[in-house]
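Residue strings, one per chain:
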Amino acid sequence: MYTLKVAWRNILRHKRRSIFAILTIVVGVANIVMFGGFVEANYIGLRESIIRSQYGHLQIHQKGYELNFRQEPNQYRLSPESAQQVQALLETIPHVLITSRRLEFTGLLGNEKTSRAAIIRGVDPDSEALINSALTIIEGVDLDPDKQEGVILGEGLAQGINAKVGDRLTLLGTTVNGVMNAVDVEVVGIFQSFAKEYDDAAMMMVLENAQTLLNTQSIDTVVVLLDDTLALPEVVRAVARESQQRQFDIEWIEWFRLANFYQKVVDLYNGFFLFINLVIYVVVLFGISNTMIVTVMERTFEIGTLRAMGMRRSGIVTQFLTEGIMLASLGAILGIAIGIAFTWLINSLEIMMPAPPGSSKGYPLRLEYVEEIWLNSVSIVLIIAFFATLFPALQASRKAIVDALRHV
Amino acid sequence: MSFIQVKNLTKYYQLGKNSIQALKNVSMNIDEGEQLFLGGPSGSGKSTLLHIIGCLDRYDTGSVTIDGRDVTLTNDREMSDFRAFNIGFVFQNFNLLPVLNVFENVQYPLLLSRAISADQRRKRVKEILESVGLDAHAEHFPNELSGGQRQRVAIARALVHKPKLLIADEPTANLDSTTGAVIMALMLDLSLKHGSTVIICTHNQELLVQAQRCVMLRDGEVTNDIVTQIQSENTYVYA
């Protein structure tokens, strides 16, 4: 208790020095809290954009689909009965919000002047609208199940063939029997997703119309949207268990296994975050050690007195360590408080960020409140404070008492 | 057997490439309760001797026994504990801890020796502050006190744990002569009451002349060891 009291009073006694050391830690920790929150918000934003504009949380296929669909897509599609059974199973699993059928293929989209290869997705318009909530219709309207010939085009694809809302186009595809087939479609809307590359080639149409074009009743994928992304492992376990019990011949793939881009972004940001953390922690290390070295030098006389009075070397080390850790605790707690305050402020300002590379639209700047980062930064700052203080504290304890008493 | 036995004590200091002999075969015995003044010019070795007897410094050859314990054989931790329980120090510059008030400064040795309960501690500190006339200043910090008051606090701190040995290094050097005399009398009086053996190092010739026992050193050697029979052992005059 006395050690704490002496430490606290010494911190207060040398106000300017203590404030400098605390400020160093505050600025460092607040930056880590904010940058960590920014990175986390980016992860979440990107993750949810990918899930809600392309992949859903989980995609379920006929067994062997992932390995073989490029060579033999027709052999590895889900029959209407299988698709229905899978959807019925999924509806019994907690956290499953909605399921939707998809049929994907490539085709040639064109008008009388030009044509372009397109990645076409036949979808259930109602359920897909929920799954694709991150997709923005920038012109026209979304797909309507009652308007079979309606299609929506990615912004880049629409620009590529100079198509506008209301235009009628011809879509050329190959049926499951290998015969060329064509349907007339009408552009009802133009969309923008998070990925420009996707928008340059993507088209969506009503599933039934796509099945007509391909002359099939089968689908490729049952897409699953959950009410909570973090529930995905639990849902996957349930799907594995239930499908085995019901002997369904299916396989599944999680969104992150499809989204290579997401993993690359995460790796890149993690690298940035680690580097920035390292720089900040090195500054904190020097800030604390500098303060404690000066403190020890200034208080040599006091160290001599305490040792003369019978304080053991360990007592001197404990005293200085307590001061260093107290200083760091104050800085870390204040840093987190200030980081949280700035996080709130930035979020409330609703600043818009420009579109990131590979993306076609900007996004609101948002910082997340990440308790894990707060706890980690406090722990790391305390560990740094311990080692930054230990060396000067050991030096102080090893001073010859007589020399310390003579120190001016 | 004497309370303190110093035998053939030798101490060298390294000053650059030169080795300086600070003490040359110093021997002396000090009885329990004795009040001894160490005198001599600067560089005579009196502070070195004081530090060695106070277990603050090591020596090269010889031996020092305090209360039957050979301090040569102890390690740093044992020496620290020995000082905490058995020795009180009064320094020329008072050496009070600036962040602690008078009460807390005086209490500190009791915390280090961990010998008594909190209630006893408070009682003992209050008593000794009364005896040095500073009970009204218990909450004051050192920078709020005069030099004389600070040295009174230092004396209270040195004696609060009832040490067997009180060591004072030029305790009046930073005080005016009147205050110095008062402080010296107070220190001797209190240590007598506590039964502490006292060793005081001083330049002050007046004090040396009045001393019960005065040991003079020059160039690391004892040149005089004078014992004066004082008439009234328990009387010290407050100037």
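Just so it is clear, the structure is predicted and the values come from calculations on it, not from any experiment.

Scoring rules and cut-offs
- Residues numbered from 1 in each chain as written.
- Chains lettered and ligands numbered in written order.
- Predicted model: local features only at pLDDT ≥ 70, side-chain atom pairs only at ≥ 80, totals over all residues.
- Heavy atoms only, no water.
- Helix = DSSP H or I, 4+ residues; strand = E, 2+ residues; numbered from the N terminus.
- Contact = heavy atoms within 4.5 Å.
- Lys, Arg positive; Asp, Glu negative; His and termini not counted.
- Charge placed at Lys NZ, Arg CZ, Asp CG, Glu CD.
- Rg over C-alpha atoms; globule rule 2.2 N^0.38 Å.
- Buried < 20%, exposed > 50% of the residue type's maximum accessible area, 1.4 Å probe, protein only.
- Domains from an automatic or database assignment.
- Buried area = accessible area lost by both parts, 1.4 Å probe.
- Salt bridge = Lys/Arg side-chain N within 4 Å of Asp/Glu carboxyl O.
- Nonpolar A, V, L, I, M, F, W, Y, C, P; charged D, E, K, R; others polar.
- Pairing = 2+ DSSP bridges.
- Axes fitted to C-alpha atoms, helices over the stretch in contact; angles between N-to-C directions.
- Phe/Tyr/Trp six-rings, centres within 6.5 Å; stacked < 30°, edge-to-face > 60°.
- pLDDT = per-residue confidence, 0-100.
- Parallel < 35°, antiparallel > 145°, perpendicular 65-115°, else oblique.
- Left-handed = near helix turned anticlockwise from the far one by under 90°.

A closer look at the overall build of chain A
Here is step 1 of the chain: Regarding its fold elements, chain A presents 15 helices and 12 strands.
Here is step 2 of the chain: Its C-alpha atoms put chain A at 100 × 50 × 30 Å along the principal axes.
Here is step 3 of the chain: Sequence-distant contacts, at least 24 apart, represent 79% of the contacts inside chain A between residues at least 6 apart.
Here is step 4 of the chain: Side chains of chain A carry 34 positive and 41 negative charges; the gap between the two charge centres is 19 Å.

Some points on the overall build of chain B
Here is step 1 of the chain: A count of helices and strands for chain B gives seven helices and 10 strands.
Here is step 2 of the chain: The C-alpha atoms of chain B give 18 Å as radius of gyration, which agrees with the globular expectation for 239 residues (18 Å, within 12%).
Here is step 3 of the chain: If you line up chain B on its principal axes, its C-alpha atoms span 50 × 40 × 40 Å.
Here is step 4 of the chain: Out of the 239 residues belonging to chain B, those deemed buried represent 54%.
Here is step 5 of the chain: Intrachain contacts of chain B at a sequence separation of at least 6 include 70% that bridge at least 24 residues.
Here is step 6 of the chain: One way to put it: in chain B the 23 positive side-chain charges average out to a point 4 Å from where the 26 negative ones average out.

Some points on the domain arrangement of chain A
Here is step 1 of the chain: The domains assigned to chain A are domain 1 (2-50 + 262-406) and domain 2 (64-248).
Here is step 2 of the chain: Measuring from the centre of the C-alpha atoms in domain 1 of chain A to the corresponding centre in domain 2 of chain A gives 50 Å.

Here's the deal with the interface of chain B and chain A
Here is step 1 of the chain: The interface of chain B with chain A comprises 27 residues on the first partner and 22 residues on the second.
Here is step 2 of the chain: Of the roughly 2400 Å² buried at the junction of chain B and chain A (both faces included), carbon and sulfur atoms supply 61%.
Here is step 3 of the chain: Among the residues of chain B in contact with chain A, V99(B), Y108(B) and L112(B) are the three that bury the most area, contributing 23% of the side total.
Here is step 4 of the chain: On inspection of chain B and its partner chain A, the count reaches five salt bridges.
Here is step 5 of the chain: For the side of chain B that touches chain A, the secondary-structure elements that each account for two or more residues are α2 (76-86) and α3 (102-113) of chain B.
Here is step 6 of the chain: Classifying every residue of the side of chain B that touches chain A by side-chain character gives 14 nonpolar, six polar and seven charged.

Comments concerning the pattern of salt bridges
Here is step 1 of the chain: In this structure the tally under the stated criterion is 29 salt bridges over all chains.
Here is step 2 of the chain: Where E298(A) meets R17(A), a salt bridge forms, and the shortest distance between an N and an O atom there is 2.6 Å. Of this pair, E298(A) sits in helix α11 (residues 260-298) while R17(A) sits in helix α2 (residues 15-55), placing them 281 residues apart in sequence.
Here is step 3 of the chain: Across the pair D119(B) and R122(B) runs a salt bridge whose closest N-O atoms are separated by 2.7 Å.

A look at the environment of L46(A)
Residues and elements named next belong to chain A.
Here is step 1 of the chain: Along the polypeptide, L46 turns up in helix α2.
Here is step 2 of the chain: Sequence-wise, L46 and V266 are 220 residues apart; in three dimensions their C-alpha atoms are separated by 9.5 Å.
Here is step 3 of the chain: Beyond its immediate sequence surroundings of up to four residues, L46 is in contact with F194, F261, Y262 and V265.

Comments concerning the sheet that holds strand β4 (residues 61-66) of chain B
All names here are of chain B.
Here is step 1 of the chain: Reading across the sheet, the four strands line up as β2-β1-β4-β5 and stay open at both edges, with antiparallel pairing between neighbours. Whereas interior strands pair on both sides, the edge strands pair on one side only; in this sheet they are β2 (18-30) and β5 (69-70).
Here is step 2 of the chain: With nine bridges joining them, strand β1 (residues 4-15) and β2 adopt antiparallel strand pairing. Bridging across to β2, L15 finds its partner in N18.
Here is step 3 of the chain: Against the sheet, helix α1 (residues 46-53) touches β1, β2 and β4, its axis set at about 120 degrees to β1.

Details of the packing of aromatic side chains
Residue and element names in this part refer to chain A.
Here is step 1 of the chain: Counted according to the given criterion, the structure contains 11 aromatic pairs over all chains.
Here is step 2 of the chain: With centroids separated by 6.4 Å and ring planes inclined at 40 degrees, the aromatic side chains of F191 and Y198 adopt a geometry described as tilted.
Here is step 3 of the chain: Given a relative accessible area of 0%, F191 falls into the buried group.
Here is step 4 of the chain: Between W255 and F256, the aromatic rings sit 5.7 Å apart at their centres with planes inclined by 85 degrees, giving edge-to-face as the arrangement.

Digging into the confidence of the model for chain B
All names here are of chain B.
Here is step 1 of the chain: Taken as a whole, chain B shows an average pLDDT of 87; of its residues, 95% reach a score of 70 or greater.
Here is step 2 of the chain: Put simply, helix α7 (residues 205-210) is where chain B has its lowest mean pLDDT, 76, and strand β6 (residues 87-90) is where it has its highest, 94.
Here is step 3 of the chain: Predicted confidence is poor over residues 231-239, with pLDDT under 50, and the contacts of this stretch with residues over four places away or in other chains come to 15 contacts.
Here is step 4 of the chain: ipTM for the predicted complex: 0.90, alongside a pTM of 0.76.

Topic: the packing of helix α5 (residues 147-159) of chain B against helix α6 (residues 177-194) of chain B
All names here are of chain B.
Here is step 1 of the chain: Direction vectors running N to C along α5 and α6 enclose 15 degrees, while the axes themselves pass 10 Å from each other. Classed by the angle they form, the pair α5 and α6 counts as roughly parallel. Of the two elements, α5 crosses α6, and the hand of that crossing is right-handed. In this structure, α5 contributes G148, Q151, R152, I155 and L159 to the contact, and α6 contributes T179, V182, I183, L186, M187, L190, S191 and H194.
Here is step 2 of the chain: Its residues assigned to classes, the contact of α5 with α6 shows seven nonpolar, five polar and one charged.

What about the sheet that holds β6(B)?
Note: strands within a sheet are paired through backbone hydrogen bonds, in either parallel or antiparallel orientation.
All names here are of chain B.
Here is step 1 of the chain: The strand order across the open sheet built from six strands is β6-β7-β8-β3-β9-β10, with neighbouring strands paired in mixed fashion. Edge positions in the open sheet fall to β6 and β10 (221-227), since each of these has one partner strand only. Averaged over all adjacent pairs, the angle separating strand axes in this sheet is 15 degrees, with direction ignored.
Here is step 2 of the chain: Relative to strand β9 (residues 213-218), strand β3 (residues 35-39) is paired through four bridges, and the arrangement is parallel. Residue pairing across strands places G39 opposite M216, the latter belonging to β9.
Here is step 3 of the chain: Lying over the sheet, α5 contacts β6 and β7 (165-169), oriented at roughly 170 degrees with respect to β6.

A short note on the side chain of E254(A)
Residues and elements named next belong to chain A.
Here is step 1 of the chain: Along the chain, the position of E254 falls in strand β10 (residues 250-254).
Here is step 2 of the chain: Given a relative accessible area of 12%, E254 falls into the buried group.
Here is step 3 of the chain: When neighbours within four sequence positions are excluded, E254 is seen to be in contact with H57, L58, L232 and V236.

Focus on the pairing of β7(B)
Across a regular strand the side chains alternate sides, sitting on one face of the sheet and then on the other.
All names here are of chain B.
Here is step 1 of the chain: In terms of burial, β7 is a largely internal element, five of the five residues being buried.
Here is step 2 of the chain: Going residue by residue along β7, you find L165, I167 and D169 tucked away on one face and L166 and A168 tucked away on the opposite face as well.
Here is step 3 of the chain: In the sheet, β6 pairs with β7 via four bridges, with the strands oriented parallel. In the sheet register, I87 faces β7, and the bridge partner there is L165.
Here is step 4 of the chain: With five bridges connecting them, β7 and strand β8 (residues 197-201) associate as parallel partners.

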